[in-house]
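Secondary and tertiary structure notes
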Amino acid sequence: MGELAQQNGQSDAVKSFGRMLSTDHAAANQKALDAAQGLGMNAPSGPNAKQKADNDKMSKMTGAGFDKMFVTHMVADHQKDIAEYKKASKSKDSAGEYASGQTDTLQKHLDTAKSLKVGN
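Residues numbered from 1 in each chain as written. Predicted model: local features only at pLDDT ≥ 70, side-chain atom pairs only at ≥ 80, totals over all residues. Heavy atoms only, no water.

1. Re the nonpolar core
Counting 16 residues, the largest nonpolar core has Val14, Phe17, Phe66, Phe70, Val71 and Met74 as its most contacted members. If you list the elements that add at least two residues to this core, you get helix H1 (2-8), helix H2 (12-38), helix H4 (63-88) and helix H5 (94-115). No other element matches the six residues that H4 contributes to this core. Every residue in contact with methionine 74, bar those within four places of it in the chain, is listed here: Met1, Phe17, Leu21 and Ala113. (Core = buried A, V, L, I, M, F, W, Y, C linked by side-chain atoms within 4.5 Å. Buried < 20%, exposed > 50% of the residue type's maximum accessible area, 1.4 Å probe, protein only. Helix = DSSP H or I, 4+ residues; strand = E, 2+ residues; numbered from the N terminus. Contact = heavy atoms within 4.5 Å.)

Printed below as a string of structure tokens:
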């Protein structure tokens, strides 16, 4: 989604947020792979069906319409992720450690998404 925001976004704020997402998620993905390996599990090789459908839908949009949908999606998605990560962080294993270590970054993303004023 970060790359998509950089390509299809209209506002500089949305494009900048997309760059932050791309950077932060690349680092988080490596940590997630390490956590999965620590549990003897295989991490997903790509987005799930809903994530792919959301990406496909937004990839057809540009400009202010994209910005508005993207920001709305990012707020909802990060709220859901924070709740899931807080629950997962209670596990005393590598997955719990990973989740615990990511909640601050997810909160930063949520706060940033909420601060974006687009498509008024």
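2. Comments concerning the packing of H2 against H4
Running from amino to carboxyl end, H2 crosses H4 at an angle of 40 degrees, the nearest separation of the two axes being 11 Å. Overall, the two elements H2 and H4 adopt an arrangement that is oblique. H2 and H4 meet at a crossing whose hand is left-handed. Seen from H2, the contacting residues are Val14, Phe17, Leu21 and His25; seen from H4, they are Phe66, Asp67, Phe70, Val71, Met74 and His78. The residue inventory of the contact of H2 with H4, partitioned by class, reads seven nonpolar, two polar and one charged. (Axes fitted to C-alpha atoms, helices over the stretch in contact; angles between N-to-C directions. Parallel < 35°, antiparallel > 145°, perpendicular 65-115°, else oblique. Left-handed = near helix turned anticlockwise from the far one by under 90°. Nonpolar A, V, L, I, M, F, W, Y, C, P; charged D, E, K, R; others polar.)

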